[in-house]
Amino acid sequence: MQHSMSSNYFIYYFLPILACAYVTLYQYSFFDFNLGFFLTTNTTTTPGAGAGAGADVTMGGDNGADAGDATSVTTTHPLGPPQNVHYVTGSFANCRSSGSRNLSTSESSHYTISLSNNKEDAKLSFQEFIGSVLVSCQTISFRAPAASFLSSSQKGIDDNMGNVGNSNSTSDYLNHPQIITGVLSSAIGDASKQRRQSIRKTWAQRSNTRSNTERKATSIGTPSVYFLLAGPWENIKEEYYTHQDIIWIDQEEVYNGEKSVLTLKTYSFFQIIHAILQEYHVDVTHLFKTDDDSYVNLHALHEELKQSRHDYFGQCQFKYPQVHRESEYKWPIRNETYPEPWFPRYCQGAGFGISLRFLKCSAGRGHVSNIRFMPFEDVAVGMLAERCGVDPERPVTAKVRVFRYQSDEVKKRTRLGDTRTDDLVAPAACMMNKIVQHRIIDEYDMEEHHRTVLDPSYCNVTKVKRDQRIQQLNDRGIEWFG
């Protein structure tokens with residue numbers, strides 16, 4: 001009798017509790033709420049996909065995947081079924097060359113570069129890098145100013161570090177990160193040019209024009225910030241020579257879905273910096289890529305990299321995004337362009353960083369040269385990360401803010417290309433605990449964010465301004481969205 005009561009007690013009381021606990025933990029492990037704490041991944045490739053998947057700290061392998069190969073990622077959930085979820089991505093698919101060129105892992109075969117004196121204007125003393133890089137089987141010509149690169153070329157960080165895969169790097173690697181920032185911008189229209197000017201006057205301001213307050217607030221010396229432009233050379237050469245902060249590639253400025261130039265700009269940025277690093281021993285520990293409607297707190301970025309050895313970081317996906325092909329979706333992609341059902345995990349393009357180790361794997365081992373073209377720039381970098389065995393991470397000391405407005409109405413307008421702003425109230429400008437704020441509205445908004453970096457207490461002022469704006473709209477009976 002006592003045994004029966006004990007059994008019933010277990011069945012009716014403890015078993016339901018155990019079942020609920022199991023289901024709860026299973027849901028957390030399966031859906032992971034974008035935290036990724038419970039996922040462990042083992043990456044394997046289909047036959048013939050070459051090495052590189054599941055790479056160790058030496059980062060990646062050869063680029064010898066055949067065109068059309070895909071990556072099958074097996075995700076194991078330790079708390080229960082499903083034990084094997086296969087995410088087939090296109091990360092290891094290679095492009096097809098129009099000629100008979102064989103895929104190569106030789107670093108020198110992926111670029112040509114030379115240091116040249118300006119010959120267009122005899123009055124202008126100007127040195128620049130001129131050459132070409134190979135991106136997804138396409139040869140792309142480029143021009144880049146040399147002065148700011150060569151000023152930091154006493155001894156490359158790569159020479160100091162020895163083997164890239166060696167975890168015993170010098171203390172300078174962490175204590176004094178050397179960051180080159182690339183800013184995607186357009187050569188078309190005055191709006192993009194105004195955004196570049198706004199950045200030059202705020203977070204990318206050169207040291208010789210900064211006030212003492214700005215030097216104290218940022219304390220990083222002259223920032224290495226370059227705008228990544230394409231389009232006709234004649235349209236941008238005056239700005240190129242005047243500011244000497246533009247990396248130009250000879251491609252059309254196209255932003256039409258699957259024909260977008262964004263991936264070509266970002267991949268070329270990787271290849272060009274790697275070529276300069278190889279040939280001229282420039283000090284580089286990280287690259288950071290952002291957009292011209294972003295504010296980047298370079299001091300916060302440096303502080304983050306002093307404390308964390310990220311290889312790939314930003315506002316990142318921890319789950320494998322499913323591919324959407326339906327026409328009503330904001331970013332559909334055709335099966336002909338990307339036949340695989342899943343994208344790799346990636347960081348949002350508005351602000352992400354990669355390490356020298358990741359750069360040397362992706363550019364130095366031929367992955368940028370040979371990977372199949374992906375028009376979505378942030379996904380394209382995620383594909384390189386998967387080839388190199390790199391996991392995307394989020395910063396630990398501050399945040400990368402990709403979105404600005406929160407209301408469904410604003411998201412709908414963004415999706416439809418509706419540019420109305422009269423009834424919008426943006427969150428108050430404030431860079432506290434932020435590395436990047438994306439979707440800066442205009443020059444005034446950029447300056448307001450900059451002031452909060454110079455004086456964090458100014459965040460209180462911007463909040464008051466926002467409250468006043470809301471009160472004005474309410475008094476006039478105007479519906480507003482934020």
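The structure reproduced in this document is the subject of the present report. (Residues numbered from 1 in each chain as written. Predicted model: local features only at pLDDT ≥ 70, side-chain atom pairs only at ≥ 80, totals over all residues. Heavy atoms only, no water.)

1. Description of the state of the cysteines
Consideration 1: Scanning all chains against the criterion turns up four disulfides.
Consideration 2: The partner cysteine of Cys95 in its disulfide is Cys137, sulfur to sulfur 2.0 Å. For the disulfide bridge between Cys95 and Cys137, the dihedral angle about the S-S bond is near 80°, and by the sign convention the bridge is right-handed. Of this pair, Cys95 sits in the loop between strand S3 (85–89) and strand S4 (111–117) while Cys137 sits in the loop between strand S5 (127–135) and strand S6 (138–145), and the two are 42 residues apart along the sequence.
Consideration 3: For Cys361, the disulfide goes to Cys388, at an S-S distance of 2.1 Å. Around the S-S axis, the bridge from Cys361 to Cys388 shows a dihedral of about -100° and counts as left-handed. Note that Cys361 is positioned in helix H10 (residues 356–362) and Cys388 in the loop between helix H12 (377–387) and strand S14 (399–401), a separation of 27 residues in sequence. (Disulfide = S-S within 2.5 Å. Helix = DSSP H or I, 4+ residues; strand = E, 2+ residues; numbered from the N terminus.)

2. Concerning the nonpolar core
Consideration 1: One finds Phe270, Ile273, Leu287, Tyr312 and Met374 to be the most contacted residues of the largest nonpolar core, which totals 57 residues.
Consideration 2: Beyond its immediate chain neighbours, meaning those up to four positions away, Phe270 contacts Leu287, Phe352, Ile354, Leu359, Ser362, Ala363, Val381 and Leu384.
Consideration 3: In terms of nonpolar packing, the next biggest core, distinct from the first, is built from 34 residues, Tyr240, Ile246, Phe288 and Ala300 among them. (Core = buried A, V, L, I, M, F, W, Y, C linked by side-chain atoms within 4.5 Å. Buried < 20%, exposed > 50% of the residue type's maximum accessible area, 1.4 Å probe, protein only. Contact = heavy atoms within 4.5 Å.)

3. Quick look at the pattern of salt bridges
Consideration 1: Tallied over the entire structure, the rule returns 20 salt bridges.
Consideration 2: Among the salt bridges present, the one from Asp311 reaches Arg357, with a minimum N-O distance of 2.6 Å. Of this pair, Asp311 sits in the loop between helix H9 (298–307) and strand S12 (312–316) while Arg357 is found in helix H10, placing the two residues 46 residues apart along the sequence.
Consideration 3: Owing to a relative accessible area of 14%, Asp311 belongs among the buried residues under this scheme.
Consideration 4: On the basis of relative accessible area, Arg357 is assigned to the buried category, the value being 14%.
Consideration 5: Here Glu409 and Arg413 are joined by a salt bridge, their closest N and O atoms 2.9 Å apart. In this pair, Glu409 and Arg413 both sit in helix H13 (residues 408–416), four residues apart, roughly one turn of the helix.
Consideration 6: Where salt bridges share partners, they join Arg196, Arg200, Glu239 and Asp245 into one cluster. (Salt bridge = Lys/Arg side-chain N within 4 Å of Asp/Glu carboxyl O.)

4. A look at the sheet that holds strand S9 (residues 246–249)
Across a sheet, paired strands are connected by hydrogen bonds in the backbone, their directions being either parallel or antiparallel.
Consideration 1: One open sheet accounts for nine strands, arranged S4-S5-S6-S9-S8-S7-S10-S13-S12; its pairing is mixed. Because the sheet does not close on itself, it has two edges, and the strands there are S4 and S12. On average, each strand axis in the sheet is tilted by 20° relative to the strand beside it, whichever way the strands run.
Consideration 2: Looking at chain direction, strand S8 (residues 224–229) and S9 are connected through three bridges and run parallel. Its bridge partner lying in S9, Leu228 is registered against Ile247.
Consideration 3: H9 contacts strand S7 (179–184), S8, strand S10 (286–291) and S12 of the sheet and is inclined by roughly 130° relative to S7.
Consideration 4: Here H12 sits on the sheet in contact with S7, S10, S12 and strand S13 (347–355), set at roughly 30° to S13. (Pairing = 2+ DSSP bridges. Axes fitted to C-alpha atoms, helices over the stretch in contact; angles between N-to-C directions.)

5. Observations concerning the sheet that holds strand S15 (residues 434–437)
Consideration 1: Spatially, the three strands line up as an open sheet ordered S11-S15-S14, and their pairing is mixed. Bordering the open sheet on either side are strand S11 (295–296) and S14, each of which pairs with just one other strand.
Consideration 2: Taken together, the three bridges between S14 and S15 define a ladder with parallel strand orientation. Within the sheet, the bridge partner assigned to Val400 lies in S15 and is Val436.

6. Describing the environment of Tyr338
Consideration 1: Relative to the helices and strands, Tyr338 resides in the loop between S12 and S13.
Consideration 2: Overall, the relative accessible area of 1% leaves Tyr338 in the buried class.
Consideration 3: Not counting the four nearest positions on each side in its chain, Tyr338 is found in contact with Thr89, Gly90, Val323, Arg325, Ile333, Phe343, Pro344, Arg372, Met374 and Met383.
Consideration 4: A polar side-chain atom of Tyr338 sits 2.6 Å from the main-chain carbonyl oxygen of Trp342. (Polar contact = N/O pair within 3.5 Å; in protein donor to acceptor, adjacent residues only side chain to side chain.)

7. Things to note about the pairing of S8
Consideration 1: Counting buried positions along S8 yields five of six residues, so the element is predominantly enclosed.
Consideration 2: By the bridge criterion, five bridges tie S7 to S8 in an arrangement that is parallel. From the neighbouring strand, Ile180 faces S8, where its bridge partner is Ser224.
Consideration 3: Viewed along the sheet, the connection from S8 through helix H7 (residues 233–243) into S9 turns out right-handed. (Right-handed = clockwise from strand over helix to strand, strands pointing away.)

8. Side note on the environment of Phe343
Consideration 1: You can see Phe343 is positioned in the loop between S12 and S13.
Consideration 2: Placed 254 residues apart in sequence, Phe343 and Thr89 show a C-alpha to C-alpha distance of 5.4 Å.
Consideration 3: Excluding anything up to four places from it in sequence, Phe343 contacts Thr89, Tyr320, Pro321, Val323, Ile333, Tyr338, Met374, Phe376 and Val379.

9. What to know about the packing of helix H14 (residues 443–454) against helix H15 (residues 458–475)
When two helices pack together, their arrangement is given by the angle between their axes and by how far apart the axes lie.
Consideration 1: It is the contact of H14 with H15, at a shortest axis distance of 8 Å, that shows an interaxial angle of 145°. Residue-level inspection shows Tyr444, Glu448, Arg451 and Thr452 of H14 in contact with H15, the latter providing Tyr458, Cys459, Thr462 and Lys465.
Consideration 2: Tallied by class, residues from the contact of H14 with H15 come to three nonpolar, two polar and three charged. (Nonpolar A, V, L, I, M, F, W, Y, C, P; charged D, E, K, R; others polar.)

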